[in-house]
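Here are the chains, one letter per residue:
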Amino acid sequence: MAAGCLSVALLALTAGSGAAQSTIKIGLVMPLTGTLAAPGREVVDAVKLYMTQHGDTVAGKKIQLIVRDDGSVPDNAKRLAQELVVNDHVDFLGAGSTPSSMSMAPISAQAKIPTVVMISGTSVVTARSPYYVRTSFTLGQQSGIMADWAIKNGSKKVVSILSDWAPGDEAGKVFAQHFTKGGGQILETLKVPLANPDFSPFLQRAHDLAPDTLFAFVPAGQAGTLARQFAERGLNKSGIKLIGPGDIVDDDDLPGTGNTLLGVVTAGFYSAAHPSALNKEYVAAYGKATGHRANFISVGGYDGMHLIYAALQKTGGNTNADAVLAAMKGMSWESPRGPISIDPRTRDIVQNVYIRKVQMVNGAPWAVEFETFPDVKDPLKEASAK
Ligand code: PHB
């Protein structure tokens, strides 16, 4: 208790040095090792790409990036965020996964540090600090639209396979709400451990239940394993349709999945195949810099950096948290994913959700968009506002 009060007091003293300084520091707390190492790498690569392309000076101030690895452990994220604020005097934080974003939120709130959430896909995260702004996505944003599409296209009986943590719960919950409202039936919901998952027994169980459709959520970094085990169990030849949020056809894994995911339909906010000039440029530059195909996680980092740069341009380099938040709220711009904006009420991202089908293009699998739902808000926040 005493230690908690002390750290809060320290945070209040050290934070918000205001507009006078000539260097602006951005501290990213990302999972560079552990279960979520793939998304952490993707965000940091994209942030660095943004800085290479746009320079490290904004509104006459030098931008300094500090990257810390939370090891995919939320307690580490909290400690690192505190150190970044108290010792390094960062002006901005970048938050990563849902558990780490949750644990860092009190630091952002008490020290008044504008924090861009770059990975988390869970609705509640942005409510945990008034200085949180999200450039990633929510699972609900994609899963409700996926359910509506599935109903419209003849799905009646679904088995869900969900990674067993908050984003999986949310994907499953919003999908089930929409799917049952549309007259569909969820036969069973299977939860797979987040760390080192073996999907095989769950896929076998799903197969045995004989649904017409399998709704799956696995986080970035696990789509390749899911695809391999899906094919090993013969599910790609079973006639059961596989659907899900964009995570299950992650562009980082897709090139290695061969034929196994062909025909899979997902509702996602980003595909490397998005046919805009800006995205073609982005995919080429990201590929050249990293050797990987740009994916849905990377744009959260890239756009997060844009949001910080654009806000600083608007404030003339003033880093006061309330001034920065006022600049960020309602901001809209073109992302590699398409048009996006920050909802001024919720500080959450508003973006298009696309229905995509995996197809071979020039000898490699891509998630090819064929239908667009424009300007989608987080449905759970919209529901609670009513
Ligand atoms: C999250 O931390 O909320 C998260 C991470 C990876 C995903 C989806 C959600 O693919």
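Keep in mind the model is a prediction, meaning the values are calculated, not measured.

## So, the overall build of the chain
Here is step 1 of the chain: When its secondary structure is counted, the chain shows twelve helices and 15 strands.
Here is step 2 of the chain: Computed over the C-alpha atoms, the radius of gyration of the chain is 21 Å, within 12% of the 21 Å expected from 2.2 N^0.38 for a compact globule of 386 residues.
Here is step 3 of the chain: Taken along its principal axes, the extent of the C-alpha atoms in the chain is 65 × 50 × 40 Å.
Here is step 4 of the chain: Burial status across the chain gives 56% buried among its 386 residues.
Here is step 5 of the chain: Excluding contacts between residues fewer than 6 apart, the proportion of contacts in the chain whose partners are at least 24 apart in sequence is 69%.
Here is step 6 of the chain: Element-wise, carbon and sulfur atoms account for 54% of the exposed surface of the chain, whose accessible area totals about 14400 Å².
Here is step 7 of the chain: When the 35 positive and 34 negative side-chain charges of the chain are each reduced to one mean point, those points stand 3 Å apart.

## Here's the deal with helix α7 (residues 200–208)
Here is step 1 of the chain: The complete set of buried residues in α7 reads S200, L203 and A206. For α7, the angular spread of buried residues about the axis comes to 120°, placing them on one side.
Here is step 2 of the chain: On its buried face, α7 is in contact with β7 (157–163), β8 (185–192), β9 (213–217) and α8 (223–232).
Here is step 3 of the chain: Phi turns positive one or two residues past the end of α7, at A210, with a value near 50°.

## A closer look at the environment of G258
Here is step 1 of the chain: Relative to the assigned elements, G258 resides in the loop between β10 (241–245) and β11 (265–268).
Here is step 2 of the chain: Sequence spacing of G258 and R228 is 30 residues, and the spatial spacing of their C-alpha atoms is 9.6 Å.
Here is step 3 of the chain: Those residues within four positions of G258 in sequence are excluded, and the remaining contacts are M360 and P365.

## Regarding the pattern of salt bridges
Here is step 1 of the chain: Taken as a whole and assessed by the stated rule, the structure comprises 15 salt bridges.
Here is step 2 of the chain: The closest approach of N and O atoms between K381 and D378, which form a salt bridge, is 3.3 Å. For the pair shown, K381 and D378 are each scored as buried.
Here is step 3 of the chain: Through salt bridges with shared partners, a single ionic network connects R134, D348, D378 and K381.

## Digging into unusual backbone geometry
Here is step 1 of the chain: Phi at A59 takes a positive value of approximately 50°, unusual for a residue other than glycine.
Here is step 2 of the chain: Residue placement: A59 occurs in the loop between β2 (57–58) and β3 (61–69).
Here is step 3 of the chain: Here the phi dihedral of S72 falls at roughly 65°; this positive angle occurs in a residue that is not glycine.
Here is step 4 of the chain: Looking at the secondary structure, you find S72 in the loop between β3 and α3 (74–86).

## Things to note about the site of the ligand
Here is step 1 of the chain: Residues in close proximity to the ligand total 14 residues, the closest being S97, T98, G121, A220 and D247.
Here is step 2 of the chain: A distance of 2.8 Å separates an oxygen atom of the ligand from a polar atom in the backbone of A220.
Here is step 3 of the chain: Considering only residue class, the shell around the ligand consists of eight nonpolar, five polar and one charged.

## Description of the environment of E83
Here is step 1 of the chain: Inspection of the secondary structure puts E83 in helix α3.
Here is step 2 of the chain: Spatially, the C-alpha atom of E83 lies 9.9 Å from that of G27, the residues being 56 residues apart in sequence.

## Quick notes on α8
Here is step 1 of the chain: Every buried residue of α8 is accounted for by A223, L226, A227, Q229 and F230.
Here is step 2 of the chain: Among the structural elements, α7, β9 and β10 are those in contact with the buried residues of α8.
Here is step 3 of the chain: One or two steps after α8, the chain reaches G234, where phi turns positive at roughly 75°.

## Looking at the packing of helix α2 (residues 37–54) against helix α9 (residues 277–290)
Here is step 1 of the chain: Their axes nearest at 10 Å, the elements α2 and α9 cross at an angle of 110°. With respect to their mutual orientation, α2 and α9 come out roughly perpendicular. Side by side, α2 and α9 meet where E42, D45, A46, L49 and Q53 of the first sit next to Y282, A285, Y286 and T290 of the second.
Here is step 2 of the chain: Of the residues assigned to the contact of α2 with α9, the class counts are five nonpolar, two polar and two charged.

Conventions adopted
- Residues numbered from 1 in each chain as written.
- Predicted model: local features only at pLDDT ≥ 70, side-chain atom pairs only at ≥ 80, totals over all residues.
- Heavy atoms only, no water.
- Helix = DSSP H or I, 4+ residues; strand = E, 2+ residues; numbered from the N terminus.
- Rg over C-alpha atoms; globule rule 2.2 N^0.38 Å.
- Buried < 20%, exposed > 50% of the residue type's maximum accessible area, 1.4 Å probe, protein only.
- Contact = heavy atoms within 4.5 Å.
- Areas by Shrake-Rupley, 256 points an atom, 1.4 Å probe, with all protein chains shown as cover.
- Lys, Arg positive; Asp, Glu negative; His and termini not counted.
- Charge placed at Lys NZ, Arg CZ, Asp CG, Glu CD.
- Arc of directions from axis to C-beta.
- Salt bridge = Lys/Arg side-chain N within 4 Å of Asp/Glu carboxyl O.
- Near = heavy atom within 4 Å.
- Polar contact = N/O pair within 3.5 Å; in protein donor to acceptor, adjacent residues only side chain to side chain.
- Nonpolar A, V, L, I, M, F, W, Y, C, P; charged D, E, K, R; others polar.
- Axes fitted to C-alpha atoms, helices over the stretch in contact; angles between N-to-C directions.
- Parallel < 35°, antiparallel > 145°, perpendicular 65-115°, else oblique.

Geometric descriptors of this kind do not, in isolation, establish any biological role.
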